[in-house]
Amino acid sequence: MYDGRAVGVGPRWLPVALTARRSEVWPRPKRGNVGVDSGLSLIAACYGVGMLSSLLARWSGRLAIGVGHLAALAGAAAGLGVSLVILLGGPGRTLTQPLPILFPFARLSLSVDGLSAYFLLVISLVAVAAAIYGPAYLRAHSPEAGRARQAAQVFALNMFLGCMTFLCCAGDALTFLLCWEGMTLSSYVLVVSDDRDGENARAGLLYMVMAHGGTALLLVAFLALTERGGAFDFAALRAAADHLDSTTRTTLFFLALGGFATKAGVVPLHVWLPRAHPAAPSHVSALMSGVMLKVAIYGILRFAFDLLAPVDGPLPPSWGWTVLVVGTISAVLGVLYALQQHDLKRLLAFHSVENIGIILIGVGLAMILWRQDGVSGALATVALTAALLHTVNHAAFKGLLFLGAGSVLCRTHIRNIEELGGLARRMPWTAGLFLLGAVAISALPPLNGFVSEWLTFQALLGGGSRVHGPAGLVIVFSAAMLALTGGLAAACFAKAFGVTFLGRPRTAQAEHATEAPPSMIAGMVWLALLCVALGVAPGYAIRLLDAPTAMLLHGPAASAVVTARGPLVLSAALTPSGTDATAISMTMMAALLIALTAMAWILRHGLRRSPARAAPTWTCGMSPTTRFDYTATAFAKPLRLVFAALYHPRREVTRETAGTPYVVQRIHYAGEIVDLAETQIYHRVEREISALSRTIRARSTGRIYGYIGFVLGTLIVALLLIGVIYR
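Residues numbered from 1 in each chain as written. Predicted model: local features only at pLDDT ≥ 70, side-chain atom pairs only at ≥ 80, totals over all residues. Heavy atoms only, no water.

A. Seen up close, the side chain of Ser 330. By the secondary structure assignment, Ser 330 is in helix H13 (residues 317-339). Judged by its relative accessible area of 0%, Ser 330 is buried. For Ser 330, the side chain forms a polar contact with the main-chain nitrogen of Val 267, separated by 3.1 Å. Those residues in contact with Ser 330 that sit more than four places away from it in its chain are Val 266, Val 267, Val 353, Glu 354 and Gly 357. (Helix = DSSP H or I, 4+ residues; strand = E, 2+ residues; numbered from the N terminus. Buried < 20%, exposed > 50% of the residue type's maximum accessible area, 1.4 Å probe, protein only. Polar contact = N/O pair within 3.5 Å; in protein donor to acceptor, adjacent residues only side chain to side chain. Contact = heavy atoms within 4.5 Å.)

Structure representation (structure tokens):
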């Protein structure tokens, strides 16, 4: 059995791994773990049945879709049960289950601790809604889909959910990487599954290139730890990390951060996200935006606080400050770019960039304050609690918004909000639920988005008061940018909801839209109830954060620091004496809002003595038309002018005249904004690679001797580099 010393990869440790007895490598599950072990097996069985149900498409595509989504629903329900057993079982509970031996050089395993269970909970909550929503959506949105496409969608959906689930429960590096790659490939299939004009295929290609670039960075980080640990399991990687010098430790962290940030869509690695998320079916978009991005957050937390964390002392300062700054930039730029989007699903995709940035602000601040003297330990707990709470909050309201956008799309087949309007009367359930999600994502009370952003503000303000000098100014600046982000998000969703659901229909598709099927509404209602529950009674949700916060920070649990006055009053113990610095009752705020709403309704309708009179809208003698309504372009133009240096707006105005330039019949306006990361980074890299390729092609002789020379030269350079590294 491996004794903890760092040894090389190869024959020196391989026979040891092969000859070790199973009882030595894998401890037998403790008494009471049988239920959770069977729960993991049930999850695997459900998603496996869902993948096999794709075979039913040979006889009936509708049957395959129904059975596949039913299996996904069962797997998500089992995931909820397993996660709640771990989270409510108390901090420090970890359950390990060995997997069948598939490779002679590694033992695969599953290990469910507090962090794994929490992210399993997040995945399962959104998966329940997606499984309920999906069948009716696929029938309504793509009724002409063939059996092959239906089989691929069912297979890939269950594989996608299964890989995300078991990635968060992986107990070794190989299981982690296999599930990571399976998650990427299955989501790619879902992105390109509804390709009609080649746009989805291009989005899928960009996604694959970016995702595999991030995977390459993760592979290097894992293999470097594996080479030093002599095994793939996380326990060996932790032991190997204990002997790393500070430079190597930091290098491995930033390699892992780059890989996870690519999947999370952090600026400037976000360019694939606004293309891939709108291309996928809407319930898959909800999973990709609400869940898949959080798997990358799980990876960052696992590496920073678990695998690479020093045994004693704080984390290297560069880690936390980098994550804080990158998160702040992503939050601001994400919402600014979202404001200028008219494609409803693309707008929501950019808001995912914003909310990932908000989560990273909390994570970065927790990394900065962890294991610092004084009250910083409580502040680190508040910061990490805010980040984890915003993780589930974003999954709930972003999943709800994508499902709402999908309902609009399946009834109108239009994503451009300029061509919609007036849907609130034709789709009242969808409009009401979308409005609830818009209020939640805008961080307005009493819904869940307000709770996590309020906690993030508390952590930032507390950190700014205790960290002095330029570092304190950075934290205060981050708090100011978070406030700006909240205001811009509210403006963006005022535009999105108003232009889409209010006013008059601008096209025939919007004019003849009807309400979504009941199963689609049920999926949205599930997430809407989560938004309300997490906002009105946040204390009950924070109890679920005790296990991950205590496990990662080795300090007080979340509920001991954040909910000092009970589950219905949100409070934070941030002062050195341990008293509450601030407190707010979300339940009382919700009750007050309901009372004010009822009072306004009574004043508006209940006390009216004379009947209401209806009259046509006065428009200076003209009949009102859709041209009178405020457009999304006009709504966003003031901010486009303010941030013109960032947007680099382009516009084209064409005038149609009636034979003379003095009589203008019609004016056509077209405008767009530029993503600076795409133009200044990726387009330049693309041009350089294309130029290099043309140069190599021009130098190609077409003779076999020249190609052999290229191969030999590359081999010599590679051997020299390996010799320098391992000298």
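Now, onward.
B. Quick look at a nonpolar patch on the surface. Judged by side-chain polarity, Ile 704, Tyr 705, Tyr 707, Ile 708, Phe 710, Leu 712, Leu 715 and Leu 719 come together as a nonpolar surface patch covering roughly 900 Å² of accessible area. Structurally, the position occupied by Leu 712 is in helix H29 (residues 704-725). Under the relative-accessibility criterion, Leu 712 is labelled partly exposed at 48%. (Patch = residues over 30% accessible without salt bridge, like charges linked within 9 Å, V, L, I, M, F, W, Y side chains within 5 Å. Areas by Shrake-Rupley, 256 points an atom, 1.4 Å probe, with all protein chains shown as cover. Salt bridge = Lys/Arg side-chain N within 4 Å of Asp/Glu carboxyl O.)

C. Spotlight on the packing of helix H4 (residues 61-87) against helix H5 (residues 114-141). Orientation of H4 relative to H5, taken along the N-to-C sense of each, is 160°, at an axis distance of 8 Å. When the axes of H4 and H5 are compared, the pair comes out roughly antiparallel. Considering only the axes of H4 and H5, their crossing is left-handed. Taken together, the residues of the contact of H4 with H5 break down into 22 nonpolar, 6 polar and 2 charged. (Axes fitted to C-alpha atoms, helices over the stretch in contact; angles between N-to-C directions. Parallel < 35°, antiparallel > 145°, perpendicular 65-115°, else oblique. Left-handed = near helix turned anticlockwise from the far one by under 90°. Nonpolar A, V, L, I, M, F, W, Y, C, P; charged D, E, K, R; others polar.)

D. Just the pattern of salt bridges, in detail. Enumeration according to the criterion identifies 7 salt bridges in this entry. A salt bridge links Arg 302 to Asp 113, with the shortest nitrogen-to-oxygen separation between them at 2.9 Å. Taken together, the residues Arg 302 in helix H12 (residues 282-307) and Asp 113 in the loop between strand S2 (109-112) and H5 connect sequence positions 189 residues apart. Both residues of the pair, Arg 302 and Asp 113, count as buried. Here Glu 227 makes a salt bridge to Arg 228, at a shortest N to O gap of 3.9 Å. Classification of Glu 227 as partly exposed rests on a relative accessible area of 24%.

E. Seen up close, H5. Helix length check: H5 (28 residues) gives 39 Å between terminal C-alpha atoms against 40 Å at 1.5 Å per residue, within 8%. The principal kink in H5, of about 40°, is found at Gly 134, preceding the proline Pro 135 by one to four residues. Counting buried residues in H5 gives 25 out of 28 residues, a clear majority hidden from the surface. Of the residues that open H5, the one with a side-chain oxygen 3.3 Å from the backbone nitrogen of Leu 115 is Asp 113. (Expected span 1.5 Å × (residues − 1). Bend = angle between axes of the 7 residues up to and from the residue.)

F. Focus on the packing of H12 against helix H14 (residues 344-369). As a packed pair, H12 and H14 sit with axes 11 Å apart at the nearest point and diverge in direction by 20°. As far as their axial angle goes, H14 and H12 are roughly parallel. The two elements H12 and H14 cross, and the hand of that crossing is right-handed. Of H14, the residues touching H12 (which contributes Ser 282, Ser 285, Ser 289, Leu 293, Lys 294, Ile 297, Ile 300, Leu 301, Ala 304 and Phe 305) are Lys 345, Ser 352, Ile 356, Ile 359, Leu 360, Val 363, Ala 366 and Met 367. In terms of residue class, the contact of H12 with H14 is made up of 12 nonpolar, 4 polar and 2 charged.

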